[in-house]
Amino acid sequence: MRTYRSCAWIFSLALASAAGAAAAADTDVVVSKDAAAPKPVLPSVSDLLDASGITATGYVSGTYSFQSYSASGVPAPKDTNSFILQQAAFTLAKQPTSGFGALVNVIAGQNIYTANYSYAGASKTSTQFQLAQGYVQYIGGPFTVIAGKFVTLAGAEVLASTGNTNITRSLLYSYEPVTHTGVRVTYAATDQISLIIGANNGWIYSDETANGTGKTLEAGAAWTPSKAFSWTLQGYYGEDTTFAGTTAHHTLLDTVATWNVNSALSLVGSVDYGSVDHSAFGPGLGNADWYGVAVYVNYALNDLWRVSGRGEYFDDRKGYLTGVGTGLNPITGQKLYEGTVDLGYDPVKNVELRLEGRYDSYEVNSIKVVQGWLEALYKF
């Protein structure tokens, strides 16, 4: 009888414990149902842009530089050293593979290289704010049409600091157009060949308004037979304003060849020829012309370090672009030489540090310029 009562007592205790556990479990469920629901996660700006097909990119470039001058027969400028905000740029674009799209590129800085003939007369001290590019595009089949303001076809170097292997721009870049305002049509004839034609307001001083009664015609061809080699040929011809404020026809022919020898070594060559049918020299003195050659060598030492070299020769035969021939009879030409070496270091993916040494020599007045540059470049 005691054994039976003990078993019954134990059995009753077990049932009570089970019931309590079940009640506790029910209580837990009720509590979890009464708990606050998690807040919805809002999409980030980048998520919204990606979903809409819009890309947002940019970069900031700052430099410290030292420049030393010497000359014969004329006073040499004082040596200078300065911190400069080169470029702070932002690009917003929606460029689908077909149909309509658009691109807006804004650049601010103290030395942004957007002024045409920047080397000859652009201010490099005051902070500037410019709409470097702003255009609408339409892609239909093999044709791409853009209308607005866009970068030039000419030259091996580009407006954006991120697109060049050297800190400073070349002599050729300095006497090439930078941007144009007009219309451009590109026809992809094959996977390897593209043909380009367009019309714009010109490329002397400012391209945003028409200088004179005429327009400038642009034409180009690009050939890319493989990933290792590419070649482009482009030309500009039209009526524009001379440096003296008169109207004349200007011509520029430019070609660029790029050879990626291997994954580490690339070679680039660029040649320019330009002319104006009459210039600031006065009646009866004929036209002026110029030509230049630039060669680039880029070598990646490893994933973090690279070295880049550039050598140039520029012949301003009558001194029209450099200004040494103006008002002189006989007209004096100017020959320019330039050599640059850069060392680049990428400590992380979006940051590059560059160190540059540059030497320029101008034949007239034996002008010599020695420059040293340090640049920090951040991309986002």
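Counting of residues starts from 1 at the beginning of each chain's written sequence and follows it residue by residue. For this predicted model, a pLDDT threshold of at least 70 governs which residues receive local features, and a threshold of 80 or more governs which side-chain atom pairs are given and counted, while totals over whole chains, interfaces and linings are taken from all residues. Note that the side-chain values use all heavy atoms of the structure and ignore hydrogens as well as water.

S.K.: Looking at this structure, I do not really get the overall build of the protein chain. What am I missing?
M.R.: Across its full length, the protein chain holds 4 helices and 16 strands. Burial status across the protein chain gives 35% buried among its 380 residues. It only takes one pair of heavy atoms within 4.5 Å for two residues to be counted as in contact. Within the protein chain, contacts between residues separated by at least 24 positions form 55% of all contacts whose residues are at least 6 apart in sequence. On the protein chain, roughly 19900 Å² of surface is accessible, and the fraction owed to carbon and sulfur atoms is 65%. Secondary structure elements are defined from DSSP: runs of H or I of at least 4 residues count as helices, runs of E of at least 2 residues count as strands, and each element is numbered from the N terminus. Burial status follows relative accessibility: with a 1.4 Å probe on protein chains alone, a residue under 20% of its type maximum counts as buried, one over 50% as exposed, and anything between as partly exposed. The Shrake-Rupley method, run with a 1.4 Å probe sphere, supplies the accessible areas, and residue values consider only the shown protein chains as cover.

S.K.: Looking at this structure, how should I read unusual backbone geometry?
M.R.: In terms of backbone geometry, most residues other than glycine have negative phi values and most peptide bonds are trans. Although it is not a glycine, asparagine 365 sits at a positive phi angle of roughly 65 degrees. Along the polypeptide, asparagine 365 turns up in the loop between β15 (351-362) and β16 (367-379). Backbone geometry places serine 366, a non-glycine residue, at a positive phi of 50 degrees. Within the element layout of this structure, serine 366 appears in the loop between β15 and β16.

S.K.: Before we go on, may I ask you to explain the packing of aromatic side chains in this structure?
M.R.: Each aromatic ring pair is described using two quantities: the centre-to-centre distance and the angle formed by the ring planes. Stacked, tilted and edge-to-face are the three classes applied to pairs of Phe, Tyr and Trp rings, where Trp contributes its six-membered ring and a pair requires centres within 6.5 Å; stacked means planes under 30 degrees apart, edge-to-face means over 60, and tilted covers the rest. For the structure on display, the rule yields 10 aromatic pairs. Ring plane angle 50 degrees and centroid distance 4.8 Å describe the contact between tyrosine 64 and phenylalanine 83, whose orientation is recorded as tilted. A residue pair is termed long-range when its members are at least 10 positions apart, and tyrosine 64 in strand β1 (residues 55-70) and phenylalanine 83 in strand β2 (residues 80-94) qualify at 19 residues. Here tyrosine 64 falls in the partly exposed class, since its relative accessible area comes to 32%.

S.K.: Help me understand a nonpolar patch on the surface, please; the structure alone is not making it clear to me.
M.R.: What makes a patch is a set of residues exposed beyond 30% relative accessible area and free of salt bridges, joined within 9 Å when like-charged and within 5 Å when nonpolar (Val, Leu, Ile, Met, Phe, Trp, Tyr). Whenever Lys or Arg places a side-chain nitrogen within 4 Å of a carboxyl oxygen from Asp or Glu, that contact is recorded as a salt bridge. On the surface, a cluster of nonpolar side chains totalling about 870 Å² of accessible area is made up of Tyr64, Phe83, Tyr299, Leu301, Leu304, Trp305, Leu343, Leu355 and Leu374. Within the secondary structure, tyrosine 299 is located in strand β12 (residues 288-300).

S.K.: Please clarify how empty space enclosed by the protein should be interpreted in this entry.
M.R.: A water-sized probe rolled over the atoms picks out the places where empty space is left. Think of a 1 Å grid over the protein atoms and nothing else: a 1.4 Å probe that fits but is trapped marks a cavity, an open set flanked by protein within 12 Å on at least five of seven lines marks a pocket, and residues with an atom within 4 Å of a point count as lining. Grid points are joined across faces, edges and corners, and a volume is the space filled by probe spheres set on the points. This model, assessed by the stated rule, comprises 2 cavities of 30 Å³ or more. Quantified by volume, the second largest cavity comes out at close to 40 Å³. Lining the second largest cavity, in full, are Gly155, Ala156, Glu157, Ser170, Leu172, Tyr173, Glu176, Ser270, Ala294 and Tyr296. Among the elements of the structure, α4 (171-174) and β12 are those that each provide at least two residues to the lining of the second largest cavity. Each residue receives one of three labels: charged for Asp, Glu, Lys and Arg, nonpolar for Ala, Val, Leu, Ile, Met, Phe, Trp, Tyr, Cys and Pro, and polar for the others, Gly being one of them. By residue class, the composition of the lining of the second largest cavity is 5 nonpolar, 3 polar and 2 charged.

S.K.: Is there a simple way to think about the pairing of β15 in this case?
M.R.: Successive side chains on a regular strand alternate, one facing one side of the sheet and the next facing the other. Here, a strand pair is defined by DSSP locating no fewer than two bridges between the strands. Note that strand β14 (residues 334-348) and β15 share 11 bridges and pair antiparallel. By the bridge assignment, glutamate 338 is partnered in β15 with aspartate 360. Direction of pairing for β15 relative to β16: antiparallel, over a ladder of 12 bridges. Each residue of the ladder has a partner; that of arginine 354, found in β16, is glutamate 375. Between β15 and β16, which pair antiparallel one after the other, the connecting turn spans 4 residues, and asparagine 365 there sits at a positive phi close to 65 degrees.

S.K.: Explain the environment of lysine 368 here, please?
M.R.: Here lysine 368 is to be found in strand β16. Filtering out sequence-adjacent residues up to four positions away, lysine 368 remains in contact with Ser68, Tyr69, Ser70, Tyr359, Asp360 and Ser361.

S.K.: Looking at this structure, I do not really get the environment of alanine 108. What am I missing?
M.R.: Within the secondary structure layout, alanine 108 lies in strand β3 (residues 99-109). Among the residues examined, alanine 108 registers a relative accessible area of 18% and is labelled buried. Taking C-alpha positions, alanine 108 is 8.8 Å from leucine 131, a pair spaced 23 residues apart along the chain. Setting aside its immediate chain neighbours within four residues, alanine 108 contacts Gln86, Gln87, Ala88, Gln128 and Phe129.

S.K.: How do you make sense of the side chain of serine 275 when you look at a structure like this?
M.R.: In this fold, serine 275 is placed in strand β11 (residues 265-276). Look at serine 275 and you get buried, because its relative accessible area is 14%. In contact with serine 275, other than residues within four places in its own chain, are His249, His250, Thr251, Ala288, Asp289 and Trp290.

S.K.: Help me out: how do you make sense of the pattern of salt bridges in this one?
M.R.: A side chain with one charge may pair with a side chain of the opposite charge, provided their charged atoms come close. A complete count under the given rule lists 10 salt bridges for this structure. For glutamate 218, the salt bridge is made with arginine 184, and the minimal N-O distance between the two is 2.6 Å. Remark: arginine 184 occurs in strand β6 (residues 179-188) and glutamate 218 occurs in strand β8 (residues 216-226); sequence separation between them is 34 residues. Exposure remark for arginine 184: the relative accessible area of 8% places this residue in the buried category. With its nearest N and O atoms 3.2 Å apart, the salt bridge here joins arginine 317 to aspartate 289. Here the residue arginine 317 occupies a position in the loop between β13 (305-316) and β14, and aspartate 289 occupies one in strand β12, the gap between them amounting to 28 residues. Among the residues examined, aspartate 289 registers a relative accessible area of 13% and is labelled buried.

Just distances and angles here, no functional claims.
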